[in-house]
Structure formats: structure tokens, C-alpha cells
Amino acid sequence: MAAHYAREQQLFGANTPYYGWLYPPIFFMLAAPLALLPYPLALAVWQGSTLALYLAVIAAILYRARRGNGVIARLWLPAAAAFPAVFINLGHGQNGFLSAALFGAALVCLPRRPIIAGMLFGLLAYKPQLALVIAFALPAAGQWRAITAAAAAVIILASVSLLLFGADAWWSFLASTETSRKLLLEEGNVGFEKLQSAFAAVRMWGGSVPLAYMVQGAISAGAICGTAWVWRSNQHPDMKAALLLAATPLASPHILDYDLMLLAPSLAFFVAARSDAHFRNYEISLLAAVWIAPLIARTMAGLTAAPIGFLASLILFVLIVRVPHGCGEAAPALR
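The rules behind each value
Residues numbered from 1 in each chain as written. Predicted model: local features only at pLDDT ≥ 70, side-chain atom pairs only at ≥ 80, totals over all residues. Heavy atoms only, no water. Helix = DSSP H or I, 4+ residues; strand = E, 2+ residues; numbered from the N terminus. Buried < 20%, exposed > 50% of the residue type's maximum accessible area, 1.4 Å probe, protein only. Contact = heavy atoms within 4.5 Å. Areas by Shrake-Rupley, 256 points an atom, 1.4 Å probe, with all protein chains shown as cover. Lys, Arg positive; Asp, Glu negative; His and termini not counted. Charge placed at Lys NZ, Arg CZ, Asp CG, Glu CD. Core = buried A, V, L, I, M, F, W, Y, C linked by side-chain atoms within 4.5 Å. Salt bridge = Lys/Arg side-chain N within 4 Å of Asp/Glu carboxyl O. Axes fitted to C-alpha atoms, helices over the stretch in contact; angles between N-to-C directions. Parallel < 35°, antiparallel > 145°, perpendicular 65-115°, else oblique. Left-handed = near helix turned anticlockwise from the far one by under 90°. Nonpolar A, V, L, I, M, F, W, Y, C, P; charged D, E, K, R; others polar. Phe/Tyr/Trp six-rings, centres within 6.5 Å; stacked < 30°, edge-to-face > 60°. Lys NZ or Arg CZ within 6 Å of the ring centre and 35° of its normal. 1 Å grid on protein atoms, 1.4 Å probe; cavity = no way out; pocket = protein on both sides within 12 Å on 5 of 7 lines; lining within 4 Å. Points joined across faces, edges and corners; volume = space filled by probe spheres on them.

Trainee: What exactly am I supposed to notice about the overall build of the chain here?
Mentor: When you go through the chain residue by residue, the secondary structure sums to 17 helices and zero strands. The C-alpha extent of the chain, read off along each of the three principal axes, is 65 × 45 × 35 Å. A burial count over the chain gives 47% of its 335 residues as buried. Here the analysis covers contacts within the chain between residues at least 6 apart in sequence; of these, 72% occur between residues at least 24 apart. Counting only carbon and sulfur atoms, one obtains 69% of the accessible surface of the chain, whose full area is about 15,700 Å². Between the centroid of the 20 positive side chains of the chain and the centroid of its 12 negative side chains there is a distance of 11 Å.

Trainee: Teacher, can you tell me more about the nonpolar core here?
Mentor: Soluble globular proteins tend to bury their nonpolar side chains together. In terms of nonpolar packing, the biggest core is built from 95 residues, with Tyr 54, Phe 83, Phe 103, Leu 107 and Phe 121 touching the most fellow members. Contact partners of Phe 121, with chain neighbours within four places excluded, come to Phe 103, Ala 106, Leu 107, Ile 134, Leu 138 and Ala 150.

Trainee: Quick question: what am I supposed to make of the pattern of salt bridges here?
Mentor: In total, this model carries six salt bridges according to the counting rule given. Of the charged contacts in the structure, one is a salt bridge between Arg 181 and Glu 186, with a shortest N-O distance of 2.2 Å. For Glu 186, a relative accessible area of 12% corresponds to the buried category. A salt bridge links Glu 283 to Arg 274; the nearest nitrogen and oxygen atoms lie 3.4 Å apart. In this structure Glu 283 comes out as buried when scored by relative accessible area, which is 2%.

Trainee: What should I look at first to understand the packing of helix H16 (residues 281-304) against helix H17 (residues 308-321) in this one?
Mentor: The angle between the axes and the distance between the axes are what describe a pair of packed helices. The contact between H16 and H17 brings their axes to 7 Å, and the two run at 160 degrees. One way to sum up the angle between H16 and H17 is to call them roughly antiparallel. With respect to the hand of their crossing, H16 and H17 are arranged in left-handed fashion. On H17, the residues touching Tyr 282, Glu 283, Leu 286, Leu 287, Val 290, Ala 293, Ile 296, Ala 297 and Met 300 of H16 are Ile 308, Gly 309, Ala 312, Ile 315, Leu 316 and Leu 319. Split into classes, the residues belonging to the contact of H16 with H17 amount to 13 nonpolar, one polar and one charged.

Trainee: Mind showing me how you'd approach the packing of aromatic side chains here?
Mentor: The geometry of an aromatic ring pair is captured by the separation of the ring centres together with the interplanar angle, meaning the angle of the planes. Evaluated as defined, the whole model comprises 15 aromatic pairs. The interplanar angle of 85 degrees and the centroid separation of 5.9 Å between the aromatic rings of Phe 103 and Phe 121 together place this pair among those described as edge-to-face. With Phe 103 in helix H7 (residues 96-109) and Phe 121 in helix H8 (residues 114-123), the pair connects residues that are 18 residues apart, well separated along the chain. You can call Phe 103 buried: its relative accessible area is 0%. Clustering of aromatic rings is evident, with ring pairs tying together Trp 21, Tyr 23, Phe 27, Phe 28, Trp 46, Tyr 126 and Phe 165. Seen from the ring of Trp 76, Arg 66 lies directly overhead, with NZ or CZ sitting 5.3 Å from the centre.

Trainee: I tried to follow empty space enclosed by the protein on my own but got confused; where do I start?
Mentor: In this approach, a probe sized like a water molecule rolls over the atoms, and the result shows the empty space that is left. Using the criterion set out here, one finds one cavity of 30 Å³ or more in the structure. Taken as a whole, the largest cavity encloses approximately 40 Å³ of empty space. Forming the boundary of the largest cavity are Phe 192, Glu 193, Leu 195, Gln 196, Ser 197, Ala 200, Ala 201, Met 204, Ala 301, Pro 307 and Phe 310. No other element matches the three residues that helix H12 (residues 198-204) contributes to the lining of the largest cavity. Of the residues assigned to the lining of the largest cavity, the class counts are eight nonpolar, two polar and one charged.

Trainee: Explain the packing of helix H15 (residues 263-273) against H16 here, please?
Mentor: Two numbers describe how H15 lies on H16: the axes approach to 10 Å, and their chain directions differ by 160 degrees. Classified by the interaxial angle, the pair formed by H15 and H16 is roughly antiparallel. Between H15 and H16 the crossing geometry is left-handed. Along the contact surface, H15 presents Leu 263, Leu 267 and Phe 270, while H16 presents Leu 287, Val 290 and Trp 291.

Trainee: Got a minute to help me understand the environment of Met 204 in this structure?
Mentor: Relative to the helices and strands, Met 204 resides in helix H12. In this structure, the C-alpha to C-alpha distance between Met 204 and Pro 307, residues 103 residues apart in sequence, is 8.9 Å. Leave out the neighbours within four places in its chain, and Met 204 touches Phe 192, Glu 193, Ala 301, Ala 305 and Pro 307.

Here you go:
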């Protein structure tokens, strides 16, 4: 990390704050080709391609709903493109589009193409904190082919990155995780207002690190157990997908505001499952609040210490869990 910071200062000046690289070497396989391009072109290729991939996955999630519901057909693209986390991700040049697209595509494929789904889950290994709930949901649903494919994909990615970039890259990554945990998470050098987790909320309110881990552990356990319970049931596949996506930011202590991109495919799956049902007024209001939350999450946390991003994930999770098991495209109890 010291060598990395020294290089950043050499390029951008001595007053440059440290921008950490927290990803395992498998992410070099995307970053290295982009690094061969001039920076503006690399940024445009990265942002444009991952944004297009995200929008394509939202379109796939809503495919049937778009064909059968004129309102969804007209509004899905503006709603997906104007989701506030989109602009946060664009402003940071981050990987939220890619994470949301891979996660959403895996869940679209899972019912009929579990091996492809597992491979897509494996591609998410550059952000291992996103796998916590997946590791319990897939076994709960008996998705063993997807689990095997995901494990194989991770092994292949790690092996290829080892051959391309050497063992030192992996040792350096593993050595940096402890420092990253202490500086960026526990001490909040990244800014507790940027983090959207229960852990960050406790620390933002002045709570100790042990207390923050206790609260986060309880929230994570609840998210995992609730998701596993629903995934073992006969709930509609789109509802299961929406729940897993909503539970993922709840379960991890290290979730930034651009990671709230995961809420976009969660909302899309929820709408797809309920496209023929009548939403109650409070459901519409809560869904609107979840949609707008990324726009104000960091500002409100900084001004008032209100964890808006965390609450948005929690609200969506509870809203999905409350839907009766076995509901399909329309549930009489929700009309």
C-alpha cells in the first residue's frame, strides 16, 4: 500500500489523498486491458459498456412484464437509467454497474440454466463480500450445479490471474486486507457517511468497534436466515431473486453508496413478480422511497447521521419477505 501511494503521489502530486485498490488480482484481468488505453477512452469504454450491460439485464428481468404491462413497457428504461445510484457510480467510475449486471443476470439464468448462473456468480469474486448470502441461499434451494459452477469459475479465475500477474500480487492482496479492514472499515477513513451498512451506522453514532460488529452480526444473521428460509420455500423465483439482492447489502459491513446499484435489479425482480397484482398505496410509497434513497444517502448521513442507504435495503428486504409464499404473477391477498 505504501508503494501504491507513493506512485499515486508521483503521478498526481504530493497532496493527493490515498486511493486504495481493494480488489483481488482477478480484477486485473479487466483493469489491465483498460490501462493500455488513454485514460479518457478507457473511462468511456468502462462506464459505457458496464452501463449498457446493467440496462440489458434490467430489460431481461422485466421481459415478460414489459410484454404484458404497458406502463412497465413505457417506464422501465427511464426508471432504470435514472436510478440515483447510476449517477453515483458514474461519478466515481466504479463497478456498481458490473456487480448489478452479473448478479441480476445470474438470477435470471438460475431457474433454467444453473451452470451459466453459477459461472456468473463466480465472476462476482472480485467483490467477495457480495457472496455472503449467496453461499446460504443456493444450498437452501438445492442449487448444487450452480454452486459447483461458481466454485469452478472462481478457481479458474484465480489460477489465470496467478499465471498472468504472479504470486506476489496475491500475497500483497492478502497482506493488505488487514490494513484495509482497520483503516477503511473500523476507523472509517473512507467516511462512515459513504458506507451504507449497520456497522457504519453504529460507528457513525459513536459506538465502539465491538458493538458495531455485534449489531452487524445480528443484521447479517437475520438477512441470511430470512433469505435461506424463503429460498427453501415455493416462493416465486423472481421474489427469491429480489430478496437475495436486497439481503446482500444488509449482510456486508463494507457496502458503499455506489454498491446500492444492487437495489435496482432487486426492485425490477419485485415488480416483475407482481406485474399483474395491484400494489397497495404503502407499497408504492416504500418502493419509491427505496428508489430515491441513494440520491440522499451520503448527504443525510453526513448532515444528520441518518443511515438512509441501510434503511432502504432493510425496507425492501422486509417488504419482500412479507409477500405470501407461493405467490406467482398475482397474489389474491395483495390485490
